[in-house]
Amino acid sequence: MIPTFRIQIRRYLNTEVKRRLYAQCLNRDFDSLLAEVKGIPVSEMEESFVTLYLMKSAQFGHVPSLDYLWHKYVMRHHMIMVNPSLLCDIGNIALQEGKLFIPGQLSSHFMKFYGSNNEYEQYRYELLRIQVESFAKGTMEKTSFREKWKVFLQDLDHTVERDFQFSVRDFPHLTQALSWTD
C-alpha cells in the first residue's frame, strides 16, 4: 500500500497579517508593504485590500505599488473593477512618470465596465485626454504634429459627443508639438 499524504493549505492571511497590511497601507509604508504583498498568492488576496491599497497608492503617488497592483490584480487577474475617478488619477500619475502604455489600458478598463454611459462622460473625456497626451509625450519629436492631430481627432470622434466642449489647454504635450513642425 502506498502512503498518501494530505496536503493542508495554510492560509497566509490570518487576522494578524491582515491587520499589519492595513496598518502599513494606512500609514503610507508602501515600500515594505509592496515587498510583503509580492509574496502573497493571488488566491489569498482580498479585493477590498487591493482596492484600498490601489487608492492609497494613487493618492500618495507611490508608482511602484500602482504599477504592480495595476498589472497583477487588474490587468492579469481581473480581480477588481476600478472606479472612473481612480482610473483618471492613475492615468495622470502614469503620464507624469512616463508609464505611457498604461493610459490605453485604463481606457480599455473604463470602456469594459462603464462603456458609453453618459453619466461618466467627463471621466471618458479625461481618460481620452490622458491617452492622447501619452501618445504625444511618448512620440515627442519622432511624430509630426499632423500625425498627432490625426490620432487626436480619430479618438475624439469615437469617444465624446459632438457638442462636448474641450480646451486646447487640456493638451499641453499635443500643443507643444506645434513648435516642432517645419
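The coordinates are above.
What comes next is a walk through the structure. A quick note: this is a predicted structure, and the numbers were derived from the prediction, not measured.

With that settled, the discussion passes to the environment of arginine 129. Summarising the element assignment, arginine 129 is placed in helix α7 (residues 121–139). Placed 26 residues apart in sequence, arginine 129 and aspartate 155 show a C-alpha to C-alpha distance of 9.4 Å. Here the side chain of arginine 129 touches asparagine 92 through a polar contact of 2.8 Å, side chain to side chain.

What follows deals with the environment of histidine 109. Inspection of the secondary structure puts histidine 109 in helix α6 (residues 102–114). The class for histidine 109 is buried, based on a relative accessible area of 8%. Sequence spacing of histidine 109 and proline 84 is 25 residues, and the spatial spacing of their C-alpha atoms is 9.4 Å. Excluding its chain neighbours within four sequence positions, the residues that come into contact with histidine 109 are Trp70, Val74, Ile80, Met81, Val82 and Leu87.

In this section: unusual backbone geometry. The phi dihedral of arginine 28 falls on the positive side, at around 60°, and the residue is not glycine. By the element assignment, arginine 28 lies in the loop between α1 (15–26) and α2 (30–37). Phi angles above zero are rare outside glycine, and histidine 78 is one such case at about 50°. The residue histidine 78 is located in the loop between α4 (63–76) and α5 (84–97) in this model. Classification of histidine 78 as exposed rests on a relative accessible area of 52%.

Attention shifts here to the pattern of salt bridges. Side chains carrying opposite charge are able to pair once their charged atoms draw close together. By the definition in use, this model includes five salt bridges. Between arginine 19 and glutamate 16 there is a salt bridge, with the nearest N and O atoms lying 3.7 Å from each other. With a gap of three residues between them, arginine 19 and glutamate 16 both fall in helix α1, about one helical turn apart. Of the residues examined, arginine 19 reaches a relative accessible area of 53% and is grouped as exposed. We note a salt bridge from arginine 20 to glutamate 36, for which the minimum N-O separation is 2.4 Å. Highlighted residues: arginine 20 in helix α1 and glutamate 36 in helix α2, separated in sequence by 16 residues. When its relative accessible area of 35% is taken as the criterion, arginine 20 is described as partly exposed.

Calculation criteria
- Residues numbered from 1 in each chain as written.
- Predicted model: local features only at pLDDT ≥ 70, side-chain atom pairs only at ≥ 80, totals over all residues.
- Heavy atoms only, no water.
- Helix = DSSP H or I, 4+ residues; strand = E, 2+ residues; numbered from the N terminus.
- Polar contact = N/O pair within 3.5 Å; in protein donor to acceptor, adjacent residues only side chain to side chain.
- Buried < 20%, exposed > 50% of the residue type's maximum accessible area, 1.4 Å probe, protein only.
- Contact = heavy atoms within 4.5 Å.
- Salt bridge = Lys/Arg side-chain N within 4 Å of Asp/Glu carboxyl O.

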